[in-house]
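# Descriptive structure summary
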Amino acid sequence: MKTLSYRHTGVFDRFRLGAAYYPEHWSEKERQSDPERMREAGIDLVRLGEFAWDMLEPEDGVFDFDFFDQEIERLFHAGIEVIFCTPTAAPPRWMTRKHPEFLRRSGNGVFMQHGSRQHVCTTNPEFREYSKRITRQIAEHYKKHPAIIAFQTDNELHCHFTYCYCSSCQEEFQNYLREKYTSIDRLNKAWGTAFWAQSYHDFSDIELPREQAPAWPNPAAMLDMRRFHAAMATRFQHEQVEILRAANPGWIIFHNGLMAVVDYRSDFSRDLDLIGFDCYPGFVSDASRRPVRHAFTLDRARAIDGNFIIPEHQTSFGGQNGYVLATPEPGELRQLTFRSIAHGADSLIYFRWRSCRFGSEEYWGGILDHDNIPRRRFYEVSGISRELKALAPYLQRSEVRTEIGIAAADADADAVHAIYPMGFPSPDVVAEELHRAFLLRHYPVGLVHPEDDLSPLKLYILPHWELLRQEAVDNLADFVKNGGTLVIGARSGTRTADNQIISEPRPGILTHLAGATVEEYGKLIPDDPHSEHALMLSGQSVRADHFYEVLKLGTATAVACWNSRFLAGAPAIAVNQFGQGKVFYVGTYLTGALLETLVPLLADAAKLAPILPGLPDGLEVIERYSERGRLFFGLNNTDSSLKADMLPGCTLAGPADGLLPPYGVRVTVLPGNEN
Ligand code: GAL
Ligand code: ZN
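In what follows, the accompanying structure is described. (Residues numbered from 1 in each chain as written. Chains lettered and ligands numbered in written order. Predicted model: local features only at pLDDT ≥ 70, side-chain atom pairs only at ≥ 80, totals over all residues. Heavy atoms only, no water.)

## Concerning the side chain of aspartate 545
Relative to the assigned elements, aspartate 545 resides in the loop between β18 (540-544) and β19 (547-553). When its relative accessible area of 19% is taken as the criterion, aspartate 545 is described as buried. Separated by 2.7 Å, the side chains of aspartate 545 and arginine 543 make a polar contact. Not counting the four nearest positions on each side in its chain, aspartate 545 is found in contact with Leu524, Thr588, Tyr589 and Thr591. (Helix = DSSP H or I, 4+ residues; strand = E, 2+ residues; numbered from the N terminus. Buried < 20%, exposed > 50% of the residue type's maximum accessible area, 1.4 Å probe, protein only. Polar contact = N/O pair within 3.5 Å; in protein donor to acceptor, adjacent residues only side chain to side chain. Contact = heavy atoms within 4.5 Å.)

## Considering the site of ligand 1
Taken together, Phe51, Arg117, Asn155, Glu156, Asn256, Asp278, Tyr280, Glu312, Gln320, Phe351, Glu361 and Trp364 make up all the residues around ligand 1. Between glutamate 361 and ligand 1, the recorded distance is 2.3 Å, taken from a side-chain N or O atom to an oxygen atom. Within the contact set of ligand 1, an oxygen atom lies 2.8 Å away from a side-chain nitrogen or oxygen of tryptophan 364. Taking 310 Å² as the accessible area of ligand 1 by itself, protein coverage stands at 93%. Of the residues contributing to the shell around ligand 1, the split by class is 4 nonpolar, 3 polar and 5 charged. (Near = heavy atom within 4 Å. Areas by Shrake-Rupley, 256 points an atom, 1.4 Å probe, with all protein chains shown as cover. Nonpolar A, V, L, I, M, F, W, Y, C, P; charged D, E, K, R; others polar.)

## Details of the pairing of strand β4 (residues 148-153)
Of all 6 residues that make up β4, 6 are buried, and the element is covered over most of its length. Direction of pairing for strand β3 (residues 81-85) relative to β4: parallel, over a ladder of 4 bridges. The residue of β4 that forms the bridge with isoleucine 83 is alanine 150. (Pairing = 2+ DSSP bridges.)

## Re the coordination of the zinc ion (ligand 2)
Taken together, the protein donors to the zinc ion (ligand 2) comprise Cys121 (SG), Cys164 (SG), Cys166 (SG) and Cys169 (SG), at separations of 2.3 Å. Linear spacing of the donor residues for the zinc ion (ligand 2) on their chain is C-x42-C-x1-C-x2-C. (Donors = N, O, S within 2.8 Å, 3.2 Å for Na, K, Ca; no water.)

## As for helix α11 (residues 332-342)
Of all 11 residues in α11, 11 are buried; the element is thus mostly enclosed. Among the residues of α11, Glu332, Leu333, Arg334, Gln335, Leu336, Thr337, Phe338, Arg339, Ser340, Ile341 and Ala342 are the ones counted as buried.

## Quick look at the sheet that holds strand β24 (residues 629-636)
Pairing in this open sheet of 5 strands is antiparallel, and the strands run β11-β23-β24-β28-β26 from one edge to the other. Edge positions in the sheet fall to β11 (399-400) and β26 (650-653), since each of these pairs with one other strand and no more. Note that β11 and strand β23 (residues 619-626) share 2 bridges and pair antiparallel. Each bridged residue has a counterpart across the sheet, and for glutamate 399 the counterpart in β23 is tyrosine 625. The sheet strands contacting helix α12 (residues 376-395) are β23, β24, β26 and β28 (665-671), and the helix crosses β26 at an angle near 115 degrees. (Axes fitted to C-alpha atoms, helices over the stretch in contact; angles between N-to-C directions.)

## Looking at the sheet that holds strand β17 (residues 533-537)
Pairing is mixed in the open sheet, where 9 strands are placed in the order β13-β12-β14-β15-β22-β21-β20-β17-β18. Every interior strand has two partners, whereas the edge strands, β13 (445-448) and β18, have only one. Sheet twist, expressed as the mean angle between neighbouring strand axes with direction ignored, is 25 degrees.

## Notes on the pattern of salt bridges
Per the counting criterion, the structure on display carries 51 salt bridges. The salt bridge involving arginine 74 is made with glutamate 71; its shortest N-O contact spans 2.8 Å. Of this pair, arginine 74 and glutamate 71 both sit in helix α3 (residues 66-77), separated by 3 residues, roughly a single helical turn. Overall, glutamate 71 belongs to the buried group, its relative accessible area being 1%. A salt bridge links aspartate 428 to arginine 300, with the shortest nitrogen-to-oxygen separation between them at 2.4 Å. Here the residue aspartate 428 occupies a position in helix α14 (residues 427-440), and arginine 300 occupies one in helix α10 (residues 290-305), the gap between them amounting to 128 residues. If you follow the salt bridges from partner to partner, you end up with Asp13, Arg14, Arg16, Asp44 and Glu81 in one network. (Salt bridge = Lys/Arg side-chain N within 4 Å of Asp/Glu carboxyl O.)

## Notes on the packing of aromatic side chains
Enumeration according to the criterion identifies 36 aromatic pairs in this entry. Here tyrosine 22 and phenylalanine 51 contribute two aromatic rings whose centre-to-centre distance is 6.4 Å and whose plane-to-plane angle is 15 degrees, an arrangement assigned as stacked. Taken together, the residues span a long stretch of sequence, with tyrosine 22 in the loop between β1 (17-20) and α1 (28-41) and phenylalanine 51 in the loop between β2 (45-48) and α2 (53-56) at a distance of 29 residues. Look at tyrosine 22 and you get buried, because its relative accessible area is 4%. Residues phenylalanine 68 and phenylalanine 84 carry aromatic rings whose centres are separated by 5.5 Å and whose planes lie at 85 degrees to one another, so their mutual orientation is edge-to-face. Within this pair, whereas phenylalanine 68 is found in helix α3, its partner phenylalanine 84 is found in strand β3, the two being separated by 16 residues in sequence. The ring of tyrosine 625 carries the charged tip of arginine 401 above its face, separated from the ring centre by 4.4 Å. (Phe/Tyr/Trp six-rings, centres within 6.5 Å; stacked < 30°, edge-to-face > 60°. Lys NZ or Arg CZ within 6 Å of the ring centre and 35° of its normal.)

## Side note on unusual backbone geometry
The peptide bond linking phenylalanine 351 to arginine 352 adopts the cis configuration, its omega dihedral lying at -5 degrees. Note on placement: arginine 352 falls in the loop between β10 (345-351) and α12. Positive phi outside glycine occurs at threonine 182, with the angle close to 55 degrees. With respect to the secondary-structure elements, threonine 182 resides in the loop between α6 (167-181) and α7 (184-191). A relative accessible area of 57% places threonine 182 in the exposed class. Although it is not a glycine, tryptophan 196 sits at a positive phi angle of roughly 55 degrees. Looking at where tryptophan 196 falls in the secondary structure, it is placed in the loop between α7 and α8 (219-247). Tryptophan 196 gets classed as exposed once you look at its relative accessible area, which sits at 58%.

## As for the state of the cysteines
By definition, a disulfide links two cysteine residues through a covalent bond between their sulfur atoms. Under the defined criterion, the tally for this structure stands at 0 disulfides. We note that cysteine 85 lacks a disulfide partner, and the nearest cysteine sulfur, in cysteine 159, lies 14 Å from it. Judged by its relative accessible area of 0%, cysteine 85 is buried. Among the residues examined, cysteine 159 registers a relative accessible area of 26% and is labelled partly exposed. (Disulfide = S-S within 2.5 Å.)

## Examining the side chain of threonine 88
Here threonine 88 is to be found in the loop between β3 and α4 (93-98). A polar side-chain atom of threonine 88 sits 2.6 Å from a polar atom in the side chain of aspartate 154. Apart from the residues lying within four places of it in its own chain, the contact partners of threonine 88 are Trp53, Phe127, Ser131, Ile134, Asp154, Phe236 and Gln240.

Put into C-alpha cells, the structure is as follows:
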C-alpha cells in the first residue's frame, strides 16, 4: 500500500479550477445557461451528485440517472469535466422510514432525524449494504463516461456527528476491542480498570464510554472509542473505494475534510489518491489573524499526504443559521486562492457555483448570487482563471519548499489531548503559534508528521505530544544523528500507547535524545500573580505560561534557567549534542512570547535562512519548486502597499514592478532544467 508523505506532488495531469454544482437546485432555464457561463468564468470542472441520493435512487432498488446524464452531457459538451460523489451523506426518506434503526444516536440517547444530513450511522452493516449498492450503481453507470475524471467519497465524514451510540456502534465497539485485545484481562490492564471498580469479565460487558455519565470517563477507554470511530469511517469509505477502483482504475479518488476523529495518517488516506481539504478561511473572524491561520490550515492538510485538492473553497458570504463567516473583500478571494495554491493545492473547486434559494444553507454564497446576475465575484474568478493559465505548467509535480517541520497530523496525539486537556493549549493551537512565528520571519516552514521523511529539514519541532510511537522516536533520532536540530516541548512522551501515564522519568522514550529528565513540574495558573514565572534566555527575562518543568541534566547543558521565586536557578531549557545534531528540550509551553526569543536562537543553531533575502514584514512568501522551475508567491498581508520586487525571475501574475497593494499577489518564476 502507498506511503503517506508531505512531499507527494500531485496526481492531476493539470491544474483545474472548478465549482461545486448542484443542478438539482436549479430550473431547466438556469441549467441551460450554466455551462456557458462557467466557461466564461474559466471554470473547467464541476463536482456533482454529492447529496442527490433521493434522485439517483428514488425508491428502494430503483435507480434513475436521467437527470444527471443530461446535465453531464451538457457540461461535457461545453468542455467541463466532472467529479462525481457518492451521495451517502444524505440517505433518502424511504430508507429511514424502512430502517429507523439506521439513525444515529447521541450520547444522551436521542435518535437523529430525517430532515438534515449525516443522520444515518455508517457503522450499521445493513446501511453499508445500501451504501455499496448505490456506489456500485453509480460506478457501473458512469465507468466509461469520458467527462468523469474523479470521485469524492461521501461528504466530510464526522463533520456534524462523531460519537454515535446506536446499537450497531455498541456491538461493533465490542468486536473491535475483542479483536484488538483478544483477552479481557489484557483490556483490563490496558484500560486500568482497577480504578473505580471498572473491571470487566467479558467483552459483552463493555459500553461505549460517555462524557459525564455521571463523572469523567476512563481516558484509555475514550482513546479506544475515538480510534474505533475513526476505524469505522475508514472501513465505510474503503467499501466505496474498492467498488469505484474496480469499475474504473483511472478515476482519481479523494474525500473532502478535514474533520476530527478521522485518522487521516492511516489506511483512510492510503486508500485515496490525494487529500481533499475544504477551505473556509472566513471561519477566522479576526481579519489580522486570517492570512496566517489560512496558511497554517493549508500546511496542516499538506502534512498528511502532500499536495491536495480543495473540493470546497469559500467564495463569499456564507454560513448556516447559527453563524456567518467573514465575507471576502474585493481582491481578497484572489489572494485566498493564490495562497491556497502556494501552500499545495493542485486543483481548486469554489463552493459553490450559485447561492441556493432554499434549504439549511440558503445563505451560502456562491460565485453567482441568488438572482443569478454576474457581479464582482464572477469577474474576480474570471480574472483568477486567466492568471492561473500562466502558472499551471510550473505547478505540475512541484513541491512546497519546507526546511522547518512542526509536528502535526497525528490522530492519537490530538486525541489524548482532547480527552484530557486540563486547560492546556491543544497540539494544534501550539503548532499554529510555531508555524506563525516562522512564517512571519519568511522561513520555509511546514507541518510534518514525525514518521515522515525528515531528510530535507534542518529543524524539527515536537511541541507537546504526550503520546508518540517508537517509530517516530527512531526517525527523530536518525534526523538528529545526521545533523538535524530537534526541539522537544514540555510534557512530550508522557503517555503510553494505551493512554496511561508512563512509569519512567519524563520524557520517557525521548530521554536519550533530550539528555535530561524532568525532576518536578507544575501548572502556571493564568492571572494568578503568585503563579507568574519567568526564565532567563539569551540575556532576557521571558515570561512562561501554562506549565513549568525543572530539568535534571544528564548529558545536556542548560540554555535557560528559571529566575523566579522557588524555581530560581533551576534549568528550564537544555541542549544536548546527539550524533551530529542537537536536541533542545524546553521545559514549558512554546508560546508566542517565548518564541520571540527562542526562534532567533534556533535559527542560529539550525543555520536557517529565509526563503529570500530582504523581504519586508507582512509579505508572505512561499516557494513551490520542480524540475521546471522555482515559483515564488508573494502575498501582501498588510493594509498598506509593499515592495515585492525582490522575488526573482519573470512575473507570471501580479504587477511586474512597483508596489503591491493590500491583498496584492505577485508570482514569479525562475525557470529550471526542463525549459
Ligand atoms: C462544508 C460541506 C458542504 C457545505 C459547506 C458550507 O462543510 O462539505 O456540504 O455544507 O461546508 O457549509
Ligand atoms: Zn452508530
